[in-house]
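Structural characterization, general
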Amino acid sequence: MECFTDRGTAMGRVAFGSITKDVCLALVPEAVVGDHVIVHAGVAIAVLDVDTARETLELFAQIDFGGEQ
Amino acid sequence: MKYVEEFADPEAARRILGRIAARTTRRWKIMEVCGGQTHAILRHGIDQLLPEEIELIHGPGCPVCVTPIELIDRALAIAARPEVVFCSFGDMLRVPGSDGDLFSVRAGGGDVRVVYSPLDALTVAEDNPSKEVVFFAVGFETTAPANALAVIEARRRGLTNFSILVSHVRVPPALRSILESPDSEIDGFLAAGHVCTVMGDQEYRALVAEFGVPIVITGFEPVDVLEGIHRVVAQLEAGTAEVDNAYPRAVRAEGNRVAREMIETVFAATDRAWRGVGTIPDSGWRLAPEFGAFDAELLFEVADVVAEEDPVCRAGEVLLGVLRPSDCEAFGTSCTPRTPLGAPMVSTEGACAAYHRYGRLGREIGARP
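Basis of the calculations
Residues numbered from 1 in each chain as written. Chains lettered and ligands numbered in written order. Predicted model: local features only at pLDDT ≥ 70, side-chain atom pairs only at ≥ 80, totals over all residues. Heavy atoms only, no water. Domains from an automatic or database assignment. Contact = heavy atoms within 4.5 Å. Buried area = accessible area lost by both parts, 1.4 Å probe. Salt bridge = Lys/Arg side-chain N within 4 Å of Asp/Glu carboxyl O. Polar contact = N/O pair within 3.5 Å; in protein donor to acceptor, adjacent residues only side chain to side chain. Core = buried A, V, L, I, M, F, W, Y, C linked by side-chain atoms within 4.5 Å. Buried < 20%, exposed > 50% of the residue type's maximum accessible area, 1.4 Å probe, protein only. Helix = DSSP H or I, 4+ residues; strand = E, 2+ residues; numbered from the N terminus. Disulfide = S-S within 2.5 Å. Axes fitted to C-alpha atoms, helices over the stretch in contact; angles between N-to-C directions. Parallel < 35°, antiparallel > 145°, perpendicular 65-115°, else oblique. Nonpolar A, V, L, I, M, F, W, Y, C, P; charged D, E, K, R; others polar.

Another aspect to go through is the domain arrangement of chain B. Residue and element names in this part refer to chain B. Splitting chain B by domain gives domain 1 (1–299 + 306–315) and domain 2 (316–358). One C-alpha centre belongs to domain 1, the other to domain 2; they are set 17 Å apart. Taken together, the contact between domain 1 and domain 2 spans 33 residues of the former and 29 residues of the latter. In total, about 2800 Å² of surface goes out of reach between domain 1 and domain 2, with carbon and sulfur atoms giving 61% of it. Inspection of the region where domain 1 meets domain 2 yields three salt bridges. Arg 314 is paired through a salt bridge with Glu 329; the nearest N and O atoms lie 2.9 Å apart.

Attention now moves to the interface of chain A and chain B. By a widely used convention, the size of an interface equals the accessible area lost when the partners come together. Contacts between the two partners involve 39 residues from chain A and, on the opposite side, 43 residues from chain B. For the pair chain A and chain B, the two sides together bury roughly 3400 Å², of which 66% comes from carbon and sulfur. If you sort the residues of chain A by the area they bury against chain B, Arg 7, Leu 27 and Phe 60 of chain A come out on top, with a joint share of 19%. Along the contact surface separating chain A from chain B lie one salt bridge. As a salt-bridge pair, Arg 7 of chain A and Glu 126 of chain B come within 2.4 Å of each other at their nearest N and O atoms. Our count for the chain A to chain B interface comes out at 14 residue pairs in polar contact (both at pLDDT 80 or more).

All names here are of chain B. Judged by nonpolar contacts, the single largest core of 131 residues is most densely connected at Phe 86, Phe 162, Phe 189, Tyr 204, Ile 229 and Phe 267. Each of domain 1 (1–299 + 306–315) and domain 2 (316–358) accounts for three or more of the residues forming this core. Discounting chain neighbours no more than four positions away, the residues touching Phe 189 are Met 31, Val 33, Leu 175, Ile 178, Leu 179, Val 213, Pro 214, Ile 215, Val 216 and Val 232. By size, the runner-up hydrophobic cluster in this structure holds 13 residues, among which are Cys 328, Phe 331, Leu 341 and Tyr 355.

Turning our eyes to something else, we now look at unusual backbone geometry. Of note, the phi angle at Arg 7 of chain A is positive, near 50°, even though the residue is not glycine. Relative to the assigned elements, Arg 7 of chain A resides in the loop between β1 (2–6) and β2 (9–16).

All names here are of chain B. Following the criterion strictly, the structure yields one disulfide over all chains and no others. The side chain of Cys 62 participates in a disulfide bridge whose partner is Cys 65; the two sulfur atoms lie 2.2 Å from each other. One disulfide, between Cys 62 and Cys 65, carries an S-S torsion of 70° and so falls in the right-handed class. Taken individually, Cys 62 and Cys 65 each receive the classification buried, so the pair is uniform in this respect. Unpaired in this structure, Cys 313 has its nearest cysteine sulfur neighbour in Cys 335, at a distance of 6.1 Å. Here Cys 313 falls in the partly exposed class, since its relative accessible area comes to 24%.

Moving on to the packing of helix α9 (residues 171–180) of chain B against helix α11 (residues 202–211) of chain B. Any two packed helices are characterised by the angle at which their axes cross and by the distance between the axes. Residues and elements named next belong to chain B. As a packed pair, α9 and α11 sit with axes 10 Å apart at the nearest point and diverge in direction by 10°. Comparing their axes, α11 and α9 come out roughly parallel. Touching Val 171, Pro 172, Leu 175, Arg 176, Leu 179 and Glu 180 of α9 are Glu 203, Tyr 204, Leu 207, Glu 210 and Phe 211, all from α11. Tallied by class, the residues present in the contact of α9 with α11 amount to seven nonpolar, no polar and four charged.

Below, the discussion takes up the pattern of salt bridges. For the coordinates displayed, the defined rule picks out 25 salt bridges over all chains. The residue Arg 14 of chain B makes a salt bridge to Glu 11 of chain B at a minimum N-O spacing of 3.5 Å. Of this pair, Arg 14 of chain B and Glu 11 of chain B are both found in helix α1 (residues 10–23), three residues apart, which corresponds to roughly one turn of the helix. Note on Arg 14 of chain B: relative accessible area 46%, which makes it partly exposed. A salt bridge links Arg 156 of chain B to Glu 153 of chain B; the shortest N-O distance between them is 2.9 Å. Placement of both Arg 156 of chain B and Glu 153 of chain B in helix α8 (residues 144–156) is noted, with a separation of three residues, approximately one turn of the helix. You can call Glu 153 of chain B buried: its relative accessible area is 6%. The structure contains a network of salt bridges with shared partners spanning Asp 6 and Arg 7 of chain A together with Glu 126, Glu 153, Arg 156 and Arg 157 of chain B.

Written out as C-alpha cells, the structure is:
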C-alpha cells in the first residue's frame, strides 16, 4: 500500500492480489505503507492485525487431526 | 492475497470440522446473519460437510434484499428524471420494483451508472455540475461509514448537486426481532464480521445478556466460518452464552471509532421497513436533519409512490430463516436469477441466488434430467 491525497482526502493505492485500486484511508488514520487493510465500498474500514492473524493460524495448525486439541 | 488464502486452507478446514464433529452431541440450529457468509457456506459446501445434527439457517443480512419495494420504486422514479444521474452498486440494478428495475429505467433513456464506491458518485457529481447526481445508499453498518464519508466530503467540497437516497439498516435490531419471534428456533448466531469491524461488539453483549444465546463474531473465509460454527457449538454443548470473537484480526471490541463517530454525525436512528419482513423499530439510519440538503427523498418529491409486491414471492420467509429457498414453489421455475420475483434471487448476498448458483436445487427440481 502507498499513501497520497486526492482533493484533500487521504487515499492509498492498495494491491488486491494482482490488481491495484485507490481506496480512501480517511477512516484508518493509523494506516502506514505496508499495512494490510480491509476495504468496503472503496473505503478502508480496518487495518488488519497481522500478529493476531498469525496467532490464529498457529492455533489451527496445533489442532490434532482426531478432533480435540 | 496474503491473510486470505491461509484462511481457505483445506487442512485447517478438515481439522476444525473434526473438532465440530467431536463436540456435537445433539441437534443445533445456527443462523449466519450475513449474506456474504451464506454464499461462502454454499460455495465451499460447508453445509454438506458439517455433522447432520447441525443445521445452518440463513439470516436477513443481505442489504439489497431487505431494501423495501417502496424505496426501489422511489429510486426508479428519481432515476427516470432527465436532470438526474443515478449511481448505484451493481446488484441493485436488477432488483424488481413494482414496475421494472433500474435496468429498465436505463433502457428507457435514464442515466443509471454502476459505481464501486459512493466516493465515485461524488466524482461523477464534480464532473457533471449541470446534473443532479443521486447515490442509492443501501447497506448495513459496514457500508454506512463510506456513505457518511461521501456526504461529509460533498459538504467539504461545496457540492450542491449531490444527494443520497438512504435505506440503511442495522443488524442488532433484526436479531432482536428474530429472537422475539415465537417461531424462532435459533440456538446461536454467527455475527457478521465486518459489521462488527465498524460497530464493535457492544450491542451483541446486550442481546446475549437478554436472550441467553451464544453469538460468535465470524469472518468470511471458509476456515473463519467453520471456526465460528465450532465456537457456537462449543458454547451450546457447554450450556454457556457469550459474545465470542472468532475474527480478532479484523474486529476490536470498540469497533472503528473514527467510522462510528462519522456515522453518528451524519445519520440518525429511524424505524425501517424490511422488505418482506415489515417495520422493525429503530432498525435503520436516515440522514440527520442538518444534512437535509443531501437527502434525495426530500429533494425529489417521491414520497407518494405506492408499491406492489409480487404475490408469489416469499422473500420475507426466506429472510427470516423460516423458508429454505429451494422449498419455495417459484424457486428455479418462475423465479430465476434472469427473471427474479424478489431481491434474494438477484443479490450477490441473497440466499436464493446462492442456492441457485451452487446447485442446492431441492429434491423436486434437482431430480429433473
